[in-house]
Structure formats: C-alpha cells, structure tokens
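# Report on the structure
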Amino acid sequence: MAKAKTNPGRFFEDYTLGEVIHHAVPRTVSGGERALYHALYPARHALYSSDDFARGCGLPASPLDDIAAFHVVFGKTVPDISLNALANLGYAEGRWRKPVWPGDTLRATSEVIGVKQNSNGKSGVVWVRTRGMNQRDEVVIEYCRWAMVRKREPESPAPETVIPELKPALDPGDLVIPEGLDFSDYDFTLAGEPHALGDYAVGEVIDHVDGVTVEEAEHMMATRLWQNTAKVHFDASLREDGKRLIYGGHVISLARALSFNGLANAQVVAGLNGGAHANPCFAGDTVKAWSEVLDKAETGVPGIGALRLRLVAIKGGAPFELKGPDGKYLGHVLLDLDYWALMPM
Amino acid sequence: MAKAKTNPGRFFEDYTLGEVIHHAVPRTVSGGERALYHALYPARHALYSSDDFARGCGLPASPLDDIAAFHVVFGKTVPDISLNALANLGYAEGRWRKPVWPGDTLRATSEVIGVKQNSNGKSGVVWVRTRGMNQRDEVVIEYCRWAMVRKREPESPAPETVIPELKPALDPGDLVIPEGLDFSDYDFTLAGEPHALGDYAVGEVIDHVDGVTVEEAEHMMATRLWQNTAKVHFDASLREDGKRLIYGGHVISLARALSFNGLANAQVVAGLNGGAHANPCFAGDTVKAWSEVLDKAETGVPGIGALRLRLVAIKGGAPFELKGPDGKYLGHVLLDLDYWALMPM
Amino acid sequence: MAKAKTNPGRFFEDYTLGEVIHHAVPRTVSGGERALYHALYPARHALYSSDDFARGCGLPASPLDDIAAFHVVFGKTVPDISLNALANLGYAEGRWRKPVWPGDTLRATSEVIGVKQNSNGKSGVVWVRTRGMNQRDEVVIEYCRWAMVRKREPESPAPETVIPELKPALDPGDLVIPEGLDFSDYDFTLAGEPHALGDYAVGEVIDHVDGVTVEEAEHMMATRLWQNTAKVHFDASLREDGKRLIYGGHVISLARALSFNGLANAQVVAGLNGGAHANPCFAGDTVKAWSEVLDKAETGVPGIGALRLRLVAIKGGAPFELKGPDGKYLGHVLLDLDYWALMPM
C-alpha cells in the first residue's frame, strides 16, 4: 500500500518499440531562469545576455540559452527514461528547431526507437527520440539518446533487437536557423571577440583558459531548476563515498559557458551530433574546457556560418589530450561533446 | 547612541492583546521568485510549474507556490514577532485565500490574540493571527502562530492570561477554493500521476522515497529570499557548535516538494491545521518525507476534493515512525505538518 | 595558434590616455536579477523590494538595486581593465544617474583618464572613468576607478604620467535625484524604521548588529551573475591555500544590505565618494557591518535629504575600529566605503 502511489520508474521490459511516452510536469520559463542560468554558469554569449543585442541580430528578444532549453526538456524525461538507468550512453541528431522565449511553456515526449537486451540478461539499451514542445505544440528541440536500463526481472523474455540508424553527425543542411536571425549588422565589439567563421580552421584547438571549482549547492540548484529528479545528484547517502554525482548536463553548461573565451561569436547551438560523459564530476573538481574545430560550413542563410566543434571538459590534467593508447578517455576528461554552432561568416 | 537606530526586536512585555502590528518591507514577487523556488526545492506540482497547465485548470496563469507565499508573509513577521523568540510553538487556522500572481506585492500584519506569561517569569507565549495582503488589500493568506518570547525584565508584571480558542483542524468548508479553479479537464498525464481523491484512503501512508542532502548556501538563499532576518540561520558564530539552524520553513518546502512523488495531484495547499518543528535541521542532513492521509472531503466546488494530510520530514531513520513511547517526537523527525490540499476528485 | 583566440587581458602598455574602451557583452536585467539579489543578500530597503512602495515614492516601479546596477557595469569592465590587475586601488566620483528598470539592457565604456608607471618598472596605475548606459544610450551610472596593472614587458617605455584630479567627495549638488522621486507620502512603517535625515547626527556611528557567514556557492553565483570573469573568484586551484578570493563587490552588497538595520530609510545610493577593499574576504568569514555618518545635506528636491556615510564591513573584531596606530586598516576590516544615500528629511 505504502509504495503504490509513487513512481518506481520504468524498467527495460516497459519500453515498446514505437511507443510514445508523454512526460509529465510542463514548465514555463521566464527571466528568472535566464538570471539563474547566468548565476550558475559563466555564460556570456551576447545573444542570450542582451535583448538589445538579440534584436540587432533580427530576433524579437533574447531567447533562453539553448543548453538551458535542452536541460528543461531532458529533465522532463528523467522519471520515465533514466530513473533506473545504469548509464547514459549517448546522444545523436539533436536539433534546436525554435528558440524558447520567456513565457513559453515546455513539455516533452519520447518515442522508443530502439531496444536491445544485453547479453547478461539483466539490462538492455533503450533508444528514444525526445521532442520538446512549446505551448503552441511547435517542436523546439529534438534529440536521440540511449541509455542502459535495468530489467525488472532477469527471466523476462528479450524483445526483438532494433538498433536505430543514427547519423554520426548532422549535415549543415539539417540545422535549423532561427527565424529572422541575421548577422549582417553583427556587433563584434559588443559580442566580445573579432573572430568570424573564416578565422577558424578545421583542426584548430582552443584552450578556454578559465576554470571553475564546482560546489554542491550550485549543481543541485541547477539540476533542480530543470526538474531532473535523478536521486544520485541530490542524496549524499546513496554512495559509499558520500559523494553526489553531478548531472552531466551541468558539465555541458559549464564547458559551453567557458568556451566563450575563444568562441564568443559561436552564438547559437543548433545541432548536437554526439556526446559522452567520459568520467564523473564531483563537487570540488575544477572544471576547464577546450575545443577543437571539426568542420565548418555555410548555411542556407547568407552571412550565417556553421562551426562544428568538439567541446571537451576536463578536471585537472592538460588540454588537448582526450584518450589513452587503449582508446579510452583519460581520467581527467569529463565530457566530449560534438555540436554545431551558428556564427557570423 | 550607537545602538539607538537598530531594531532590538520585541519582548514579551511589548505585546498587547488586540494590538495590530504592521510589518515592514513589502515585497513584489515575479518569475524570478518562481525560478528560484524551483532551483531551491524539487518542486514539481504542475499547477505551479506551468502557466499552460494552470490555464487548463481555469486559472489565468501559474500562481506563486502556496508555501512560497507563506514564506514571504512569515518572513515579514520575523523582526516583530520572533527575533527574541525562544521557540516557535505552533500554527493553526492557516488559510490560503487568494493566489499570489507574479507582479503582486505582499505585506503583512499580525494581531495579538493571546498572551500567557510562563511560570518562570522569564518568558511568555504570544499568539498572533497574521494576515498577508496583496497590493489591492486583499488577504491572500492568514494563519495563527504562537511563540515563546523572552521578557525584557523578569520583574515586569504578568499580563492577564488569554489563550485563544483555535480549531484543532479546519473544516473542509473553511477552505477557500481559488476563483476559477476547475479540474474538469485535468490532465493527469501532464500532472505526473493518475491518482485522484478517490484513490486515497484515510490512514494510508506514503513514503515519498527521494532524499535531498541540504547545503548551507541553499537554505540561506531561501531564507533570505523571504527576507527572514532571524540571526541563527545566517551567522555560524552564534552557536558553540558553529552550526546554522535551518529555517523550519525550508524543511516545509523540501518536504512538500518531495511529496510530489505519490501526491502529484494534491496541487493546491489550501489549509494549514497545525505543525511542529520537531527537531532542528542542519546542513549535511539528508531530508526525506512521508505522508499520512488524515481525512478526505468534498468541497463546495464540483470535481475538487480536499485531502487532509500529515506531512512528515525526517533525517535518516525509517518512515512512518513519529513518536517514541514517551509521546515525544523521535530524534530523526524534523517536521510534523497537518494541512489540507485540493485535488481532482 | 591555440591561444590566439582567447583574450589575455590588457597590460599597462595597452592603455592610452583619452582612449575609450567599449566593453563587451551587454546584459538585460529582469525580475530574475531582483529575486537573485534578494536571495544572495539580506536586502530589505523597501524601494527596491516593492513596486507598490516605489510607486508611493513617485517612481513607476521598483528599480534594480543601485549596487546591483553597479555590479553589472563593473562586471563588463573586468576583461578589459582588471584581468591583469595586481590590485584594485580605489573609486571616486561615482554617480547613479538613472534608475535601472527590469527590461533595461546595460553596456559599458571606460575612458582612460590617467596613467602612471610604478617606479619598479613592472607595473603601473591606470585610471578610468567608466560609464554604464542603457538601451536608450542614457548614462545610468558612472564612476572612476584605478587599478595597478602588470606591464607586459618591463623594458617598454613609461608613458607620460597623468594623474587625474578627482574629488575626495561629491558635493550634494553633484547627486542626481531619480526623476519623480518624492518622499512626501513616505510610509515609515512599511519602510521599517522611523528615522528621517534629521534624526542622524554627523559623527554618529551605528552597529548594524547582524552577521552573515559567507559560502563559496553564494559569492560565485553573485559574481557570475554580474558576468565578472576574474579567475581568482572561481578557481580554487590558483592560490596555494586553495581559497577563492571573494569579489569585493560581494562584500559591498552584503554590508549595504546589513545596514538596513539602522539605515532602513537611506533608500537610494546616489553617490560613491571612495572605497577601499582593506583585506580579502574568504568563504567561512562571518561578515558584519557598521556605519558612520560623515555628513548630511539637503538636495535640490524638497523633502529629499542626502546622508554621507562611511560603511565598514568587518569579519570578527569589534565595530567602530578601523585603523591601527600605523594608519593601516586593522586585519578584520574588509571594506571602507564612502557614499551618499538619499532619504526622507
């Protein structure tokens, strides 16, 4: 009786190919979320800091930071997707399709696009395509992610294996340019750096220099703000070492914000090609970041270029080192994210 | 001279039966307070998370969380009521009479409704009825509380003892249903759980499962946000153990937010029957919560039911245990709150 | 290549007399910033807490706290002025010229008004006059500050020494009274104290009594909110003792907020005459504050007086002690600020 009312989360058996899960707790964002985002991360990209700058770029106002929009949508999915997850394995085909404005209400759905039981019979991998919608039912963001989820009962039969075909990276043509975005009067001085798309070379690496030592109160406030309910982020009594595992998205936001220093004009996050949370992050870690230019492209809109970046967050250690001779991530690497940003050409 | 300008707080002698104290520092709330509330607590009740969901329930927008409204009003009273309090003894007859909207400005008054000097002659109990008003002078919340307050001088004469008659619990008919509230199109999927009033049984207990380890920065930010000035929450040099006592309201908000898991549809806090801060809470404590259904009732509005709940916050220990054989609260019990919530029938 | 894109900050040689530096990253403020300011500091001045109270004082709404406006503007200047600063030496001629309203976008410029190479040839002092502008290009705040900045190369030639003439204190006539401000219907009860300008005497000292023990998460959130990028505030790996130096402005805001207790009616910060960050502040310090009335004056507007105050923040130690027999600040003094406040006469 006592436990009947609470949500135990889904187990591997509970996912059916093609099923669409409607996630709970829609969320209205406001200037409060923008202010908190700037208090929690050293975010400085001008398009998300200034309504005036955004209007100079053809937008009606400054949208919610793209990564914040991602967190809101991701947070909705946690109770249904990752409450019993053993590992968050990957992301693909993430696209920001509409800016999120103060006053917008976001909700989310996830479609099960793949299932594969592990050979040990105790768990399986679930692939979902998650969509975040605003109050006008417009998709504002969509992405695929896959996670390893515990089975409720090891004896339950394995489903037919279906592994979705996912693009290793989005094509520049897949990216959605926010309606009205126009960099023809772009103010490089106010934006903070002079570098346009043409100033970046494929293969170039950038050390973003600054570091942030992370505190418990900060990552918990951030993770709660996105209504992410995963217990490991909040309850210090769950692990033997008394540590709280920091939400991987907190590291994404930290790294993206730090990347301002060298990528101030990579204003809009438009595509998420992939990402790995290479090692866990804990309070007390000092997080730094570096980037590598993976690709660059024109978009369909004159003056707006796309830069494909590898964004790496590290704790200690040297920049520009990613994996050891065994092909595994080095111990100081926290995040390896592959994304497309839009910037002036 | 040096001390003449500051407020030393009131002592027991300073309260006169029937006196109405006008509390200082009115406060305008906005989307910023909503965002912070969601950053500080794992709040997920959809009516307070989504303007869109609130409109689907007949309201013009999402109101400020009811407990947040309580905190704002309570905070105003601290400099006049509890600055020299030795203990916060109880609450009764708390009623939320109007939702608080972003842009509203709250102020508060307290009427002295009871005084009783303690037999030791050094302190006394003061009962007040506090009212929070918006900028249209509408009462948005009212409640009684009583506290033990130091006397300035032990020799000063005792006032005539007056102990107010307070209801042990509000009748369902005492509850005010927010104007326009209508659950006829209630979306249980978006709200997060399928349970309506009829699914709960009197005597049923619910373990809300999740836990939050509390940090100093969090409870201080919360307590300051409500402009609660009680020194013990902020100044680590006041206690010999160097600990800061966490504002009891912080624990109320934590427990109420955690109760989403099992009580997701108990959307509106409409009545406060009573409450005890059983033991102090300190940073580092991991707070969990459980509830017991005390009563259920219809309201005057079709489709809207009232659930009377005991909400218990604990640190460590097992759920569903409250008091020892001596009738005293067990050491791991932080809060024992008795309230009425409104939910779909 | 790797370092070419990031901003190394300016060195002493990079400042030319008369040059105007346009600082990057404009910033729109909203109710979110107001809420966060109240969560981070025990701010209670009614004019900045309540739209309703502000309207009663002739303003259209509650402006952003004056010190918060200062922080936003100051934060913009850090990447260009103080990234390679060895010390922040002083402030002068600070004037708040327009209130900042929710929705306003602030940007900043700094004019180099003085340069003087130090005798050691390794560094120099740079004086700048910084102006913060809103989206209508109106100056909302201006102030001078000077900092000691490293030279890039010790051999580079010294510039001609120019030391600007700065007023030791603003005249009352220099202060700008916010348009419409009118204290004729001022509500002393709602403001929290009965003391008007006439109740303060030059030479009077006030112990503000309350203390706040500072946490890492709080000062970092505050400092980030103002987009202040100075590394020492965030990166615990930079100092041998593993401490993060707290942004001096955090201490200013703490002290000003604490000064409510005794100076509740000193509503508007209108002028900054000078200030010294006497000793560093670290997490764990318990900050208290005291004030000394330095001067009082009428303004051009009937009913609005100006109070010149010394605001001192301390950690431990006794109030009202500032300097030792050697003329140096005592070790427990954090801040010595000289400002003009506007209040009812």
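Everything below is about the structure shown above.
Residues numbered from 1 in each chain as written. Chains lettered and ligands numbered in written order. Predicted model: local features only at pLDDT ≥ 70, side-chain atom pairs only at ≥ 80, totals over all residues. Heavy atoms only, no water.

To continue, consider the interface of chain B and chain A. Opposite the 47 residues of chain B that make contact, chain A presents 35 residues. Both faces combined, the contact of chain B with chain A buries some 3,200 Å², and carbon together with sulfur accounts for 58% of it. Taken as a group, B:A39, B:R44 and B:L190 account for 19% of the area that chain B buries against chain A, more than any other trio of residues on that side. On inspection of chain B and its partner chain A, the count reaches 4 salt bridges. Linking A:K5 and B:E204 is a salt bridge whose minimum nitrogen-to-oxygen distance equals 2.7 Å. Viewed at the interface, chain A and chain B are joined by 19 residue pairs in polar contact (both at pLDDT 80 or more). (Contact = heavy atoms within 4.5 Å. Buried area = accessible area lost by both parts, 1.4 Å probe. Salt bridge = Lys/Arg side-chain N within 4 Å of Asp/Glu carboxyl O. Polar contact = N/O pair within 3.5 Å; in protein donor to acceptor, adjacent residues only side chain to side chain.)

Right, let's talk about unusual backbone geometry for a bit. The phi dihedral of A:Q227 falls on the positive side, at around 55°, and the residue is not glycine. For A:Q227, the position within the fold is in the loop between α5 (216–225) and α6 (248–258). A positive phi angle, near 75°, is found at B:F320, a position not held by glycine. Along the chain, B:F320 falls in the loop between β11 (304–315) and β12 (333–344). Overall, the relative accessible area of 33% leaves B:F320 in the partly exposed class. (Helix = DSSP H or I, 4+ residues; strand = E, 2+ residues; numbered from the N terminus. Buried < 20%, exposed > 50% of the residue type's maximum accessible area, 1.4 Å probe, protein only.)

With that out of the way, let us pick up the relation of the copies chain B and chain C. Of the transformation placing chain B onto chain C, the axial shift is 0.0 Å and the rotation is 120°, giving an RMSD of 0.0 Å. Each copy turns onto its partner about a three-fold axis. Of every C-alpha in chain B, the one belonging to B:G32 sits nearest the axis of rotation, 2.2 Å from it. Taken as a fraction of all interface residues of chain B, those also at the interface in chain C reach only 11%, which identifies the copy contact as different-surface. (Least-squares fit on C-alpha atoms with pLDDT ≥ 70 in both.)

Core analysis: the biggest nonpolar cluster contains 189 residues, and A:L36, B:L36 and C:L36 have the highest contact counts within it. Among all residues touching C:L36, those that are not within four sequence positions of it are A:A35, A:L36, A:A39, B:L36, B:M221, C:M221 and C:L225. (Core = buried A, V, L, I, M, F, W, Y, C linked by side-chain atoms within 4.5 Å.)

Here we take up the pairing of strand β5 (residues 123–133) of chain B. Residues and elements named next belong to chain B. Of all the 11 residues making up β5, 10 are buried; the element is thus mostly covered by neighbouring parts of the structure. Bridging between strand β4 (residues 105–117) and β5 involves 10 bridges; their strand directions are antiparallel. Bridge pairing links K116 to V125 in β5. Where β4 hands over to β5, the hairpin turn is made up of 5 residues, of which G121 adopts a positive phi near 75°. (Pairing = 2+ DSSP bridges.)

We now examine the relation of the copies chain B and chain A. What relates the two chain copies is a rotation about an axis together with a slide along it. In screw terms, the move from chain B to chain A is a rotation of 120° and a rise of 0.0 Å along the axis, fitting with an RMSD of 0.0 Å. Here only 9% of the contact residues of chain B are again contact residues in chain A; the copies associate through non-equivalent surfaces.

Further remarks concern the interface of chain B and chain C. Contacts between chain B and chain C engage 35 residues on the former and 47 residues on the latter. Taken together, the two surfaces of chain B and chain C that pack against each other cover about 3,200 Å², and 58% of this comes from carbon and sulfur. Considering only the side of chain B, the residues that lose the most area to chain C are B:K5, B:M221 and B:R224, jointly responsible for 22% of the buried surface there. Summed over the shared surface of chain B and chain C, the result is 4 salt bridges. Here chain B and chain C share 19 residue pairs in polar contact (both at pLDDT 80 or more) between them. Of all elements in the fold, only β2 (27–28), α1 (31–40), β4 and α5 (216–225) of chain B reach the threshold of two or more residues within the side of chain B that touches chain C. Of all the elements, α5(B) adds the most residues to the side of chain B that touches chain C, at 6 residues. Its residues assigned to classes, the side of chain B that touches chain C comprises 14 nonpolar, 12 polar and 9 charged. (Nonpolar A, V, L, I, M, F, W, Y, C, P; charged D, E, K, R; others polar.)

Before going further, it helps to examine the environment of C:Y247. Residue and element names in this part refer to chain C. By the element assignment, Y247 lies in the loop between α5 (216–225) and α6 (248–258). On the accessibility criterion, Y247 (5% relative accessible area) is buried. Setting aside its immediate chain neighbours within four residues, Y247 contacts F70, H71, F74, T223, W226, N228 and H233.

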